[in-house]
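This is what each chain is made of:
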Amino acid sequence: MENNAFYVALSLLLSLDASLIQIVALSLQVSLLAVLIAAVLGFPLGAAVALWRFPGRGAVVVVLNALMGLPPVVAGLMVYLLLSRAGPLGEWGLLFTPGAMVIAQVVLVLPILAALSRQKVEEMLGEYREQFVSLGMSRARMMPTLLWDARFALLTVLLAGFGRASAEVGAVMMVGGNIDGVTRVMTTAIVLETGKGNLPLALGLGIVLLTLVMLINAGAYLVGELSRRRTG
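Residues numbered from 1 in each chain as written. Predicted model: local features only at pLDDT ≥ 70, side-chain atom pairs only at ≥ 80, totals over all residues. Heavy atoms only, no water.

- Per an unreviewed UniProt entry, the chain carries the name ABC transporter permease and comes from Marinobacter shengliensis.

Here's what the structure looks like:
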């Protein structure tokens, strides 16, 4: 039976089944948008924490590092409470929409991008500090310079964040509701279809997700190798 399900799954992939393509497309749309928003917010935040010294900076670093391991269901619960009718953002009507799923993934990915970019910028600041001081550069001017010079390392961080977002199930199911044709993404669909006994669709989505994860890891490896060759 499992072999038959596998062959049916392959046929779904090769025939570009409409339901499967719709689920994959929504998954990529949500995850890519979430990672883009998290990068726009997280990279400058990480660089700012690396560059500036202020009261409570140590606590901020600890919190960012701790939030890298934030349980997805906790993130989902937080976003659910914010977006529910009784929550402060309930009037926006975002709960059980792709927008809510994007917000949940941003909450999960942003600490990863901010914490890892802070570490990288701090390392580079140690290397370039004397040059910056000799040029009389302010910290605000240092930030874009360091972020640009660390672009290959940050691209690896970005790929790691995308991997976390695309593989997420708990948080997006809580705030998205796994509604067919509206908020059903690969991870939530795999859980649902497996429970229903629809193994071919679940396997087809699993193959796509596994392929995506492998491509992300291959991309991170290639970017790392390019960065190492560049720096000698």
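Now, onward.
## Focus: the packing of helix α5 (residues 98-135) against helix α6 (residues 139-149)
Okay, step 1: Contact pair α5 / α6: the axes reach a minimum separation of 10 Å and the direction vectors enclose 125°. With respect to their mutual orientation, α5 and α6 come out oblique. Our pair here, α5 against α6, has a crossing hand that is right-handed. Contacts between α5 and α6 involve Val121, Met124, Leu125, Tyr128 and Phe132 from the former and Met142, Thr145, Leu146, Leu147 and Asp149 from the latter.
Okay, step 2: Per-class residue counts for the contact of α5 with α6 are eight nonpolar, one polar and one charged. (Axes fitted to C-alpha atoms, helices over the stretch in contact; angles between N-to-C directions. Helix = DSSP H or I, 4+ residues; strand = E, 2+ residues; numbered from the N terminus. Parallel < 35°, antiparallel > 145°, perpendicular 65-115°, else oblique. Left-handed = near helix turned anticlockwise from the far one by under 90°. Contact = heavy atoms within 4.5 Å. Nonpolar A, V, L, I, M, F, W, Y, C, P; charged D, E, K, R; others polar.)

## Looking at helix α9 (residues 186-196)
Helical periodicity: at 3.6 residues per turn, an α-helix aligns residues three or four positions apart in one direction.
Okay, step 1: Listing the buried residues of α9 in full gives Met186, Thr187, Thr188, Ala189, Ile190 and Glu193.
Okay, step 2: Gly197 occupies a position one or two residues after α9 and carries a positive phi of about 85°. (Buried < 20%, exposed > 50% of the residue type's maximum accessible area, 1.4 Å probe, protein only.)

## Some thoughts on the packing of aromatic side chains
Okay, step 1: Throughout the structure, instances matching the rule amount to three aromatic pairs.
Okay, step 2: Relative to Phe132, the ring of Tyr128 lies with its centre 6.1 Å away and its plane at 75°, an arrangement referred to as edge-to-face. Residue Tyr128 and its partner Phe132 are both found in helix α5; the two are separated by four residues, about one turn of the helix.
Okay, step 3: Positioned above the aromatic ring of Trp148, the side-chain terminus of Arg151 is 4.1 Å from the ring centre. (Phe/Tyr/Trp six-rings, centres within 6.5 Å; stacked < 30°, edge-to-face > 60°. Lys NZ or Arg CZ within 6 Å of the ring centre and 35° of its normal.)

## Some words on the UniProt feature "transmembrane region" (unreviewed entry) in the chain
Okay, step 1: Listed under "transmembrane region" (unreviewed entry) in the UniProt record, and renumbered for this structure, are residues 30-52, 59-83, 95-116, 146-165 and 201-223.
Okay, step 2: The distance from the first to the last C-alpha atom of residues 30-52 is 33 Å, and the span holds 96% helix and 0% strand.
Okay, step 3: Overall, residues 95-116 shows 86% helix and 0% strand. The separation of its end C-alpha atoms is 30 Å. (UniProt positions renumbered as here; feature names shortened; annotations may be inferred.)

## Some remarks on the packing of helix α3 (residues 57-67) against α5
Okay, step 1: Where α3 contacts α5, the two axes come as close as 7 Å, and the packing angle between them is 125°. When the interaxial angle is binned, α3 and α5 end up oblique. For the pair α3 and α5, the sense of crossing is left-handed. Counted together, Arg57, Val61, Leu64, Asn65 and Leu67 of α3 and Pro111, Ala114, Ala115, Arg118, Gln119 and Glu122 of α5 form the full contact between these two elements.
Okay, step 2: Per-class residue counts for the contact of α3 with α5 are six nonpolar, two polar and three charged.

## Description of the environment of Asn198
Okay, step 1: Along the chain, Asn198 turns up in the loop between α9 and α10 (199-231).
Okay, step 2: When the C-alpha positions of Asn198 and Ala153 are compared, they lie 41 Å apart, and in sequence the two are 45 residues distant.

## Let's talk about α6
Okay, step 1: Among the residues of α6, Met142, Met143, Leu146 and Leu147 are the ones counted as buried. Along α6, the residues classed as buried sweep out an arc of 125° about the axis, all on the same side. Exposed side chains of α6 directed beyond 90 degrees from the buried face belong to Arg141 and Trp148.
Okay, step 2: Check the buried side of α6 and you find it contacts α2 (18-51), α5 and α7 (151-166). (Arc of directions from axis to C-beta.)

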